[in-house]
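Working through the structure, step by step
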Amino acid sequence: MFKSEFIIKGMDCPSEERMIRMKLDNAEGIRKLDFEITKRKLTVFHTANNVGIINSLLEELNLGTSMVSSVRTNE
């Protein structure tokens, strides 16, 4: 399992959270999305080492996405 963290500058309300969920809905291997809207932070738990694809999908939303980290985890 991998844990990847992103800062999304344009995510400031539940409507952006819904947009992100819809965008990542069909991405392979995603197991869980944790949103911290007040911190503009998204944590993605995924089984495949596909963080590049996840980052590209998020960037397509034009919300100011920056990847903070991606590590292997046992969570």
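Look above for the structure.
Notes on the structure follow. Since this is a predicted model, take the numbers as computed values, not measurements. (Residues numbered from 1 in each chain as written. Predicted model: local features only at pLDDT ≥ 70, side-chain atom pairs only at ≥ 80, totals over all residues. Heavy atoms only, no water.)

Next up on the list: the overall build of the protein. A tally of regular secondary structure across the protein gives two helices and four strands. The helix and strand sequence of the protein, counted from the amino end, reads β-α-β-β-α-β. Its C-alpha atoms give the protein a radius of gyration of 11 Å, near enough to 11 Å, the size a compact globule of 75 residues would have. By principal-axis analysis of the C-alpha atoms, the protein measures approximately 30 × 20 × 15 Å. Across the protein, the fraction of contacts at a sequence separation of at least 24, relative to all contacts at a separation of at least 6, is 68%. For the protein, the accessible surface area stands at approximately 4500 Å², while carbon and sulfur atoms represent 47% of it. (Helix = DSSP H or I, 4+ residues; strand = E, 2+ residues; numbered from the N terminus. Rg over C-alpha atoms; globule rule 2.2 N^0.38 Å. Contact = heavy atoms within 4.5 Å. Areas by Shrake-Rupley, 256 points an atom, 1.4 Å probe, with all protein chains shown as cover.)

The tally for this structure, following the rule as stated, stands at seven salt bridges. Glu17 is the partner of Arg21 in a salt bridge, and the nearest nitrogen-oxygen pair spans 3.1 Å. Note that Arg21 and Glu17 are positioned in helix H1 (residues 14–24) at a spacing of four residues, about one turn of the helix. Given the relative accessible area of 36%, Arg21 is considered partly exposed. What makes Glu17 buried here is its relative accessible area of 18%. A salt bridge links Asp34 to Lys32; its shortest N-O distance comes to 3.8 Å. (Salt bridge = Lys/Arg side-chain N within 4 Å of Asp/Glu carboxyl O. Buried < 20%, exposed > 50% of the residue type's maximum accessible area, 1.4 Å probe, protein only.)

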